[in-house]
Amino acid sequence: MSDFSSIIERIDLATRILVLSHDRPDGDAIGSAMATALLLKKVGKDVVVMNHDEVPELLAFLPQTDRIRRPVAGETIDCDLLLVLDSAGRDRIGQAVWDSVPEGVFTINIDHHISNTGYGDLNCVDSTSPATGQILFQLAEAAGWKIDRDIATHLYAAISTDTGSFCYPSTTSETMRIGGALIDAGLDLGKTNQMLYENYPRRRVEAMRILLQDLRFDCDGKCASVKLPLSVSENLGLQLGDTEGVIDVIRAIDSVVVAVFFEELPNGKIRVSSRSKDTAHGVGEICAVFGGGGHTLAAGARLPGPIEKAEALFLEEVANRFDT
Ligand SMILES: [Mn+2]
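Residues numbered from 1 in each chain as written. Predicted model: local features only at pLDDT ≥ 70, side-chain atom pairs only at ≥ 80, totals over all residues. Heavy atoms only, no water.

1. Thoughts on the coordination of the manganese ion
Think of it this way: four donors in a tetrahedron around the metal ideally sit 109.5 degrees apart, and six in an octahedron ideally sit 90 or 180 degrees apart.
Phase 1 of the analysis: Protein coordination of the manganese ion is provided by Asp28 (OD), Asp86 (OD), His112 (NE2) and Asp162 (OD), with donor distances spanning 2.1 to 2.3 Å.
Phase 2 of the analysis: Each donor residue of the manganese ion belongs to the same chain, and together they define the spacing D-x57-D-x25-H-x49-D. In this pair, aspartate 28 is assigned in helix 2 (residues 27-42) and aspartate 162 in helix 5 (residues 149-162), connecting sequence segments 134 residues apart. Across the pair, exposure class does not vary: aspartate 28 and aspartate 162 are buried alike. (Donors = N, O, S within 2.8 Å, 3.2 Å for Na, K, Ca; no water. Helix = DSSP H or I, 4+ residues; strand = E, 2+ residues; numbered from the N terminus. Buried < 20%, exposed > 50% of the residue type's maximum accessible area, 1.4 Å probe, protein only.)

Structure (structure tokens):
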């Protein structure tokens, strides 16, 4: 549990606050940014929320996500405090967003990635927390800010999506306590879960069908991987967030310890997402070999293309860990 007093002091002094979270935003990035924006607005601050990319269609049901702005070339956001959430490094924000941030503005970095580079003027990084949303709940509690239904919904989306619905081992009794407190604050649990987990567009399942045809096993079935070439994403009209969760399907196979998903991006880079069930075979270290990072059991990296080459390099690194 962090000491939030210096963060609260800085926020008290600020009048106009810019809230950022990482590109290709997931539930924790959107939920954390929006919960923070709504909390700060309630205590009288002017708030701008910005993300490099669009809100994924699956998360657009969350309250007031139309407030999230995208960077406009040449525009600088007038602010006297910057909050950067759920982002391990400056590079996760995207250059177009940094171009909108005034030079020298005081930066608070709130995150739960063990690989966080400590790029803020004030850094609140708790790698024992399963989601940035959990740290923000604790901050709100410490500051005495009231959590209303919309804020509770965002914090729930943040925590639920980063813990695999309160299932991953990173989930603690504190996470469960917070879940209860969010229900008390007005969260509609059934409806929110339905929107988060039972509301997939058909193209997502079509993508799953194609991906699973080429499901690959290595290391005596302990490593499973799938790859998504750009041509397939384009043919299916996939959007950001559509392939989120594919990895959980292959991770759930009984023999599998490490699951890997390779995705070819429009810029030719290969986005690698990886999950592990066992800290003895953590994926954080493997991703770090390729300049990526994250957590022990969930991590990512970006490798140069082509996709087959990235696949071979990464899977070789996985195999090395199972040999020893
Ligand atoms: Mn997160």
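2. Focus on the nonpolar core
Phase 1 of the analysis: Ranked by size, the top nonpolar core spans 47 residues in total, and within it Val19, Ile110, Ile147 and Leu182 carry the most contacts.
Phase 2 of the analysis: Broken down by element, this core gets its largest block of residues, eight residues, from helix 2.
Phase 3 of the analysis: If we ignore the near neighbours within four places in the chain, the residues touching isoleucine 110 are Ile7, Val84, Leu85, Asp86, Cys124, Thr132, Ile135, Leu136 and Leu139.
Phase 4 of the analysis: Counting 20 residues, the second-largest nonpolar core is a separate cluster that includes Cys223, Ala301, Ile307 and Phe314. (Core = buried A, V, L, I, M, F, W, Y, C linked by side-chain atoms within 4.5 Å. Contact = heavy atoms within 4.5 Å.)

3. Here's the deal with the sheet that holds strand 10 (residues 270-276)
Phase 1 of the analysis: Across the sheet, which stays open at both edges, the six strands sit in the order 7-8-9-10-12-11 with mixed pairing between neighbours. Looking at which strands have only one partner, the edges of the open sheet turn out to be strand 7 (216-218) and strand 11 (293-294).
Phase 2 of the analysis: Pairing analysis gives six bridges linking strand 8 (residues 223-228) to strand 9 (residues 258-264), with the strands arranged parallel. Along strand 9, the bridge assignment pairs alanine 224 with alanine 259.
Phase 3 of the analysis: The sheet strands contacting helix 12 (residues 307-323) are strand 7, strand 8, strand 9, strand 10 and strand 12 (298-303), and the helix crosses strand 9 at an angle near 165°. (Pairing = 2+ DSSP bridges. Axes fitted to C-alpha atoms, helices over the stretch in contact; angles between N-to-C directions.)

4. Points about the sheet that holds strand 4 (residues 81-85)
Phase 1 of the analysis: Here we have six strands laid out as an open sheet, ordered 3-2-1-4-5-6, and parallel in their pairing. Because the sheet does not close on itself, it has two edges, and the strands there are strand 3 (68-69) and strand 6 (122-125).
Phase 2 of the analysis: Bridging between strand 5 (residues 107-111) and strand 6 involves four bridges; their strand directions are parallel. If you follow aspartate 111 over to strand 6, its bridge partner there is valine 125.

5. Structural notes on the pattern of salt bridges
Phase 1 of the analysis: Evaluation of the coordinates by the stated rule reveals 17 salt bridges.
Phase 2 of the analysis: The salt bridge partner of glutamate 174 is arginine 177, with a shortest N-O separation of 2.9 Å. Highlighted residues: glutamate 174 and arginine 177, both in helix 6 (residues 173-184), separated by three residues, approximately one helical turn.
Phase 3 of the analysis: For arginine 271, the salt bridge identified is with glutamate 263, shortest N-O distance 3.1 Å.
Phase 4 of the analysis: One network of salt bridges, with partners in common, ties together Arg216, Asp218, Lys227 and Glu311. (Salt bridge = Lys/Arg side-chain N within 4 Å of Asp/Glu carboxyl O.)

6. Some remarks on the layout of surface pockets
Phase 1 of the analysis: Of the voids in this model, the second largest pocket is the one considered here, and its volume is about 360 Å³.
Phase 2 of the analysis: Around the second largest pocket sit 19 residues that line it, and Arg24, Leu240, Glu263, Leu265 and Pro266 are the ones nearest its centre.
Phase 3 of the analysis: Among the secondary structure elements, those contributing two or more residues to the lining of the second largest pocket are helix 9 (230-236) and strand 9.
Phase 4 of the analysis: A total of three residues in the lining of the second largest pocket trace back to one element, the largest contributor, which is helix 9.
Phase 5 of the analysis: A class-by-class count of the residues in the lining of the second largest pocket yields five nonpolar, six polar and eight charged.
Phase 6 of the analysis: Residue assignment places the lining of the second largest pocket across two domains, with domain 1 (5-197) and domain 2 (203-323) each supplying three or more. (1 Å grid on protein atoms, 1.4 Å probe; cavity = no way out; pocket = protein on both sides within 12 Å on 5 of 7 lines; lining within 4 Å. Points joined across faces, edges and corners; volume = space filled by probe spheres on them. Nonpolar A, V, L, I, M, F, W, Y, C, P; charged D, E, K, R; others polar. Domains from an automatic or database assignment.)

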